[in-house]
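Each chain is listed here by its residues.
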Amino acid sequence: MYDPHDPEQVRERRTRRKARAATDQLDLAWVASDPRGRRVLLRILNETQFMGSSFVPGDPMATAFREGQRDIGIKLHTVLTNAGEGILSKILMESLNADE
């Protein structure tokens, strides 16, 4: 059982969390290294409408559903922004070029 007052357990948990975060970043960089992966990430961002409103007048269940979608988009956008290597910029630039 985890004891938050045990410095050794806290240190071990922190190390595992950092290792998991590093693996997640490497996985994302791998997906974004290919134009197909970047297009999939862009589609997910677009489908979640993370920049839009989730409010549906008179339908709190639909609002909650859309807010859940939006939350996923916000999290993905944050991860892409923090990923470095200009991943998000590259995705957006390719999107603009594809629209021309």
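Our subject is the structure that appears above.
Moving on, we get to a positive patch on the surface. Side chains of R13, R14, R17, K18 and R20 sit close together on the surface and give a patch of like positive charge. Along the chain, K18 falls in helix α1 (residues 7-32). By relative accessible area, which is 59% here, K18 ends up exposed.

Another point: the pattern of salt bridges. What the rule picks out here adds up to six salt bridges. Here R36 and D34 are joined by a salt bridge, their closest N and O atoms 2.8 Å apart. In this structure D34 comes out as partly exposed when scored by relative accessible area, which is 26%. Here R38 and E94 are joined by a salt bridge, their closest N and O atoms 2.8 Å apart. Remark: E94 occurs in helix α4 (residues 87-99) and R38 occurs in helix α2 (residues 35-48); sequence separation between them is 56 residues. For E94, a relative accessible area of 28% translates into the label partly exposed.

Of note in this structure, Q49 is not a glycine but carries a positive phi near 50°. Along the chain, Q49 turns up in the loop between α2 and α3 (60-82).

Moving on: the packing of α1 against α2. Contact geometry for α1 and α2: axes closest at 6 Å, N-to-C directions at 105°. Comparing their axes, α2 and α1 come out roughly perpendicular. Side by side, α1 and α2 meet where L28, V31 and A32 of the first sit next to G37, R38 and L41 of the second. Looking at the contact of α1 with α2, its residues break down into four nonpolar, one polar and one charged.

Here is what the cut-offs are and how they apply
- Residues numbered from 1 in each chain as written.
- Predicted model: local features only at pLDDT ≥ 70, side-chain atom pairs only at ≥ 80, totals over all residues.
- Heavy atoms only, no water.
- Patch = residues over 30% accessible without salt bridge, like charges linked within 9 Å, V, L, I, M, F, W, Y side chains within 5 Å.
- Areas by Shrake-Rupley, 256 points an atom, 1.4 Å probe, with all protein chains shown as cover.
- Salt bridge = Lys/Arg side-chain N within 4 Å of Asp/Glu carboxyl O.
- Lys, Arg positive; Asp, Glu negative; His and termini not counted.
- Charge placed at Lys NZ, Arg CZ, Asp CG, Glu CD.
- Helix = DSSP H or I, 4+ residues; strand = E, 2+ residues; numbered from the N terminus.
- Buried < 20%, exposed > 50% of the residue type's maximum accessible area, 1.4 Å probe, protein only.
- Axes fitted to C-alpha atoms, helices over the stretch in contact; angles between N-to-C directions.
- Parallel < 35°, antiparallel > 145°, perpendicular 65-115°, else oblique.
- Contact = heavy atoms within 4.5 Å.
- Nonpolar A, V, L, I, M, F, W, Y, C, P; charged D, E, K, R; others polar.

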